[in-house]
Amino acid sequence: MAVQVFWRVWKWIAQWRVWKWLTHLFTGKCELHRICLSKIPLEDRAWRLEQSLKNSKSPALRQVVEGGEDVEEAMSVIAREKKLDLGANVELARRLREGLVRVVGVTVLYEAVEGLRAHQYSQENEKHEKMLMELWSQLMPGEPLKARLSKQWQEIGFQGNNPATDFRSMGVLSVYCLLYPSLEAEPPLHSSPPKPGCVP
């Protein structure tokens, strides 16, 4: 049974590689070139571009996605590795840049968000505490917080009298996620009494 599964997977991989090779042979265009010039929507094109780069045999091309490189630098790497003349093919260069802006942008955004998630909330960090106090003032305007450790925090949904304990798994990202809607909402958000302990 395991041998049959292995054989099927191997056969599929071999067929896929042969298909890529034949397409390249008959069109004279590599997979990245064909993706960039395809007529599919930009989102799909960017996703296929990302997958092609991630699955490339070339470490330099995989690094374009993994490293969140500058778009112009990424284009240079791709042009060099795939021997593409982007100066002569303006449309290819435009569409490659368009896709890479999405791919690199998502990578950079992911790394920034993951960095905030991994950064633990600290009561000793003045910036963290300032954001927490801002959250209180946005959600409970006109009602002063009696103490930093207070049952009042439960009025806006925290589990106990110290909201810092609710930020353990998501770090500082938790505070940003709670604070952002209260600052951006029109009209401003105000707290309505939730059931105690409803903040994850």
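Our subject is the structure listed above.
Residues numbered from 1 in each chain as written. Predicted model: local features only at pLDDT ≥ 70, side-chain atom pairs only at ≥ 80, totals over all residues. Heavy atoms only, no water.

Chemist: Where do I start with the overall build of the protein chain in this structure?
Modeler: Scanning the protein chain from N- to C-terminus turns up 8 helices and 0 strands. The N-to-C order of helical and strand elements in the protein chain reads α-α-α-α-α-α-α-α. Counting all 200 residues of the protein chain, 34% fall into the buried class. Pairs at least 24 apart in sequence give 53% of the contacts found in the protein chain among residues at least 6 apart. (Helix = DSSP H or I, 4+ residues; strand = E, 2+ residues; numbered from the N terminus. Buried < 20%, exposed > 50% of the residue type's maximum accessible area, 1.4 Å probe, protein only. Contact = heavy atoms within 4.5 Å.)

Chemist: I'm lost on helix α6 (residues 90–118) in this one. Help?
Modeler: Structural remark: α-helix, 3.6 residues per turn; residues separated by three or four positions point the same way. If you check α6, its first and last C-alpha atoms are 41 Å apart, about what 29 residues at 1.5 Å a residue would give, namely 42 Å. When we look at burial in α6, the residues that qualify are Leu92, Ala93, Arg95, Leu96, Gly99, Leu100, Val103, Val104 and Thr107. Among the structural elements, α2 (31–37), α3 (42–54), α4 (59–66) and α5 (71–82) are those in contact with the buried residues of α6. (Expected span 1.5 Å × (residues − 1).)

Chemist: How do you make sense of the packing of aromatic side chains when you look at a structure like this?
Modeler: How two aromatic rings sit relative to each other is set out by the distance from centre to centre and by the angle between their planes. Across all of its chains, the model carries 4 aromatic pairs by this definition. Seen from their ring centres, Trp136 and Trp153 are 5.2 Å apart, and the 70° between their planes marks the pair as edge-to-face. Of this pair, Trp136 sits in helix α7 (residues 126–139) while Trp153 sits in the loop between α7 and α8 (171–184), placing them 17 residues apart in sequence. Judged on exposure class, the residue Trp136 and its partner Trp153 are both buried. Ring geometry for Trp153 and Phe158: centres 5.7 Å apart, planes at 90°, overall edge-to-face. Of the aromatic side chains, those joined through ring pairs into one cluster are Tyr121, Trp136, Trp153, Phe158 and Phe167. (Phe/Tyr/Trp six-rings, centres within 6.5 Å; stacked < 30°, edge-to-face > 60°.)

Chemist: Explain the nonpolar core here, please?
Modeler: A general trend in soluble globular proteins is that nonpolar side chains are found buried together. Leu49, Leu53, Ile78, Leu86, Leu96 and Leu100 are the most contacted members of the largest nonpolar core, which totals 24 residues. Of all the secondary structure elements, the ones that give two or more residues to this core are α2, α3, α4, α5 and α6. The contacts of Ile78, once residues within four sequence positions are left out, are Leu32, Leu53, Leu61, Lys83, Leu84, Leu96 and Leu100. Counting residues in each nonpolar core, the second largest holds 15 residues, with Leu132, Leu135, Met140 and Trp153 among its members. (Core = buried A, V, L, I, M, F, W, Y, C linked by side-chain atoms within 4.5 Å.)

Chemist: In this structure, what is going on with unusual backbone geometry? I would like to understand it.
Modeler: For residues besides glycine, phi is generally negative; the peptide bonds are generally trans as well. Even without a glycine there, the phi angle at Lys83 is positive, about 55°. Considering the arrangement of structural elements, one finds Lys83 in the loop between α5 and α6. Assessed through its relative accessible area of 73%, Lys83 is described here as exposed.

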